[in-house]
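Chains, contacts and geometry: an overview
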Amino acid sequence: MRVILTFLALVILSSSVLSLPSERRDGDRALTEIQALNFALSLEHFQYYFYKRLHQYEPQDFSNAGLPPWSQGRYAQISSHELTHAQFLENILGDKAVQPCTYNFPDSDPRSFVKTSNIVEAITSSTYTTLAKYLSDPDYVISISSIHSVEAKHSAWINADMREGAAWSTAFDVRGISSLNIHFETNNQQAPLSLSQLYTMMSGFIVSCPSSNSLPPIKIFPSLTFPSYVIPGQTVQVSFSPAAPEHDSHTLYAWFISGFKALVVPLNADMTVTIPDTLQGFVFSVITNNRESVSDDATVAGPAFLVFDYDYQGNDQSLPM
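Residues numbered from 1 in each chain as written. Predicted model: local features only at pLDDT ≥ 70, side-chain atom pairs only at ≥ 80, totals over all residues. Heavy atoms only, no water.

- Per an unreviewed UniProt entry, the chain goes by Ferritin-like domain-containing protein and derives from Suillus plorans.

What follows is the structure, encoded as structure tokens:
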């Protein structure tokens, strides 16, 4: 009954307070508000269809995998949240709402379900932060911020209780920030992750989408892959798929974005890179051909999602993702 009442309250809010946004563009914004809200709806479809897979597992399956027996119930609550978010956005957008895509998720047991949920929530929470800058109506800003707050709680619970890692990364969120403290001296003032970069990560789980869906023009970059287990300070070999065009080894850079820091290091000719030893928590890595920009035009591959866990004293205790 509580879930039903919550949903009814959201429907009332969306129909009485939040009317369909206009198509106008403000200044040099790349998205209309309708496109931004539809991008949010595409996130909610993405999450809900992942959590629908929960029916494959029983509470005992989580216990047998060494996870808390109540895990399945908590995940069921998250699934309910995502459905409510999707219905809320659909009610605002009406016949302009995008439809769910066909997805392919890699989980085959409770452990891989937890790993995938960590990535799904990180992508979603990151994207909501970036979407906020495309909204000018205060009611939409409040609504998206409210959803984002819940998504961040999902992400923190998964990383802390399910993975036994750190619930947060730094004092500031890792995504969508407005200014950077760059390792190289630069005047870069852009948000570090664009919608194209974020959608690139989500596209790895998408098989196809309805042709009727209307999303803004988005670039899909080659996927960036790190070894399955990495730690700060380690030198590792990365790969792109599909392979990026040939570049002079001195023109490619690996960005490691976390909080208000974006550490930039050269990518070596043998495709190896040394991970900065100061990184903690959730980190996104992007390969660019410009040491001072992580814009779409400079992006060669990525982002990749990395997690560097640490204990209560701040000491590294990185776990497999």
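So that's the structure; there's more coming.
1. Quick notes on the packing of aromatic side chains
- All chains considered together, the criterion is met by 23 aromatic pairs.
- The interplanar angle of 35 degrees and the centroid separation of 5.8 Å between the aromatic rings of Y49 and Y103 together place this pair among those described as tilted. Residue Y49 is located in helix α2 (residues 33-51), and its partner Y103 is located in strand β1 (residues 102-103); the two are separated by 54 residues in the primary sequence.
- What makes Y49 partly exposed here is its relative accessible area of 31%.
- Where W70 meets W157, the ring centres are 6.4 Å apart and the plane angle is 45 degrees; that geometry is what we call tilted. Note that W70 is positioned in the loop between α3 (59-64) and α4 (71-93) and W157 in helix α6 (residues 138-162), a separation of 87 residues in sequence.
- Of the residues examined, W70 reaches a relative accessible area of 42% and is grouped as partly exposed. (Phe/Tyr/Trp six-rings, centres within 6.5 Å; stacked < 30°, edge-to-face > 60°. Helix = DSSP H or I, 4+ residues; strand = E, 2+ residues; numbered from the N terminus. Buried < 20%, exposed > 50% of the residue type's maximum accessible area, 1.4 Å probe, protein only.)

2. As for the nonpolar core
- By size, the foremost hydrophobic cluster in this structure holds 61 residues, and its most contacted members are Y75 and L131.
- Here this core takes 10 residues from α2, the largest share from any one element.
- Membership of the second largest hydrophobic core comes to 22 residues, among which are V273, I275, V283 and F308. (Core = buried A, V, L, I, M, F, W, Y, C linked by side-chain atoms within 4.5 Å.)

3. Some thoughts on empty space enclosed by the protein
- Under the defined criterion, the tally for this structure stands at 3 cavities of 30 Å³ or more.
- Approximately 60 Å³ is the volume attributed to the largest cavity.
- The wall of the largest cavity is formed by S42, H45, V98, Q99, P100, C101, Y103, Y199, M202, I206, N213 and L215.
- Of all elements in the fold, only α2 and α7 (195-203) reach the threshold of two or more residues within the lining of the largest cavity. (1 Å grid on protein atoms, 1.4 Å probe; cavity = no way out; pocket = protein on both sides within 12 Å on 5 of 7 lines; lining within 4 Å. Points joined across faces, edges and corners; volume = space filled by probe spheres on them.)

4. Observations concerning the state of the cysteines
- Enumeration over the complete set of coordinates arrives at 1 disulfide.
- Disulfide pairing places C101 opposite C209 at an S-S distance of 2.0 Å. Since a negative S-S torsion denotes a left-handed disulfide, the C101-C209 link at about 100 degrees is right-handed. Placement of the pair is C101 in the loop between α4 and β1 and C209 in the loop between β3 (206-208) and β4 (223-225), with a sequence separation of 108 residues.
- You can call C101 buried: its relative accessible area is 14%.
- Residue C209 is classed as partly exposed on the basis of its relative accessible area, which comes to 34%. (Disulfide = S-S within 2.5 Å.)

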